[in-house]
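# Tertiary structure, described
Each chain is listed here by its residues.
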Amino acid sequence: MVPKTRGEKKERLEKDLGGRFTIRKMEAYDISDVLSIERVSFPTPWSENIFREEIQSLLCRCLVATIDDHVVGYIDFSEVWDEVHLRNIAVCPDCRNKGIASILLAHMMTVTAKKGAQWATLEVRRSNIAAIKLYEKFGFVLTGVRPLYYRDTQEDALIMWADLTDKPRDAG
């Protein structure tokens, strides 16, 4: 049976990973775990200071996904007026392809839409096919390219936008 609702996805995830799944606000004590995930997920990881600034910012929301209080993923996004900007999302390698990123993204889109956000945007590496497919499942469409945006690899960033006023928030 394929889980349809967020509750069913959470139950399936808890069964698959053998623990209680939660999403909560990122705290300073989570940063070391977040950095461990960040460092294996990106060619040029964010620093501890960047995460500290993000969790203190009035515009940003940083959340962690946990299994039995162990951080297994995180999401960072900013909210300005009627737009939300996905700034960072990652899941630990052992927990990938289990729906955690989908749950985090759905949470971001649902919470911000309820607060009045109408649009969501992000930049993604052209080579990150798995992320692009995830974003497309949530209604993001390619709207532009930032040439050589990622200085570390001289790679272009794809700019994607989603309309939060008419998209389902629980992509399968």
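Located above this text is the structure these notes cover.
Let me sum up the structure you'll find in this document. What you see is a predicted model; the values in this text were computed from it and never measured. The numbering scheme is per chain: residues are counted from 1 as the chain's sequence reads. Reporting of local features is limited, given that this is a predicted model, to residues whose pLDDT is at least 70; pairs of side-chain atoms are given and counted only at 80 or more, and all residues count toward the totals for whole chains, interfaces and linings. Only hydrogens and water are set aside when side-chain values are computed; all heavy atoms of the structure are taken into account.

### Description of the state of the cysteines
We call a pair of cysteine sulfur atoms a disulfide when they lie within 2.5 Å. Tallying each qualifying case throughout the model produces 0 disulfides. Of all cysteine sulfurs, the one in cysteine 60 lies closest to cysteine 62, which takes part in no disulfide; the gap is 5.9 Å. Burial classes: relative accessible area under 20% of the type maximum marks a residue as buried, over 50% as exposed, and values in between as partly exposed (1.4 Å probe, protein chains only). Residue classification places cysteine 62 among the buried positions, given a relative accessible area of 4%. As a non-bridged cysteine, cysteine 95 has cysteine 92 as the owner of its nearest cysteine sulfur, 3.3 Å distant. Accessibility expressed as a relative area gives 10% for cysteine 95, which makes it buried.

### A word on the packing of aromatic side chains
The aromatic pairing rule takes the rings of Phe, Tyr and Trp, using the six-membered ring of Trp, and pairs them if the centres are within 6.5 Å, calling planes under 30 degrees apart stacked, those over 60 edge-to-face and the rest tilted. As enumerated under the stated definition, the model contains 4 aromatic pairs in all. On the basis of an interplanar angle of 90 degrees and a centroid distance of 4.9 Å, the ring pair of tyrosine 149 and tyrosine 150 is categorised as edge-to-face. Given a relative accessible area of 16%, tyrosine 150 falls into the buried group. Chaining the aromatic ring pairs together yields one cluster made of Trp46, Phe51 and Tyr74. Positioned over the ring face of tyrosine 150 is arginine 125, at 4.1 Å from the centre of the ring. Only Lys NZ and Arg CZ are tested; either one counts as a charge over a ring when it is within 6 Å of the ring centre and within 35 degrees of the ring normal.

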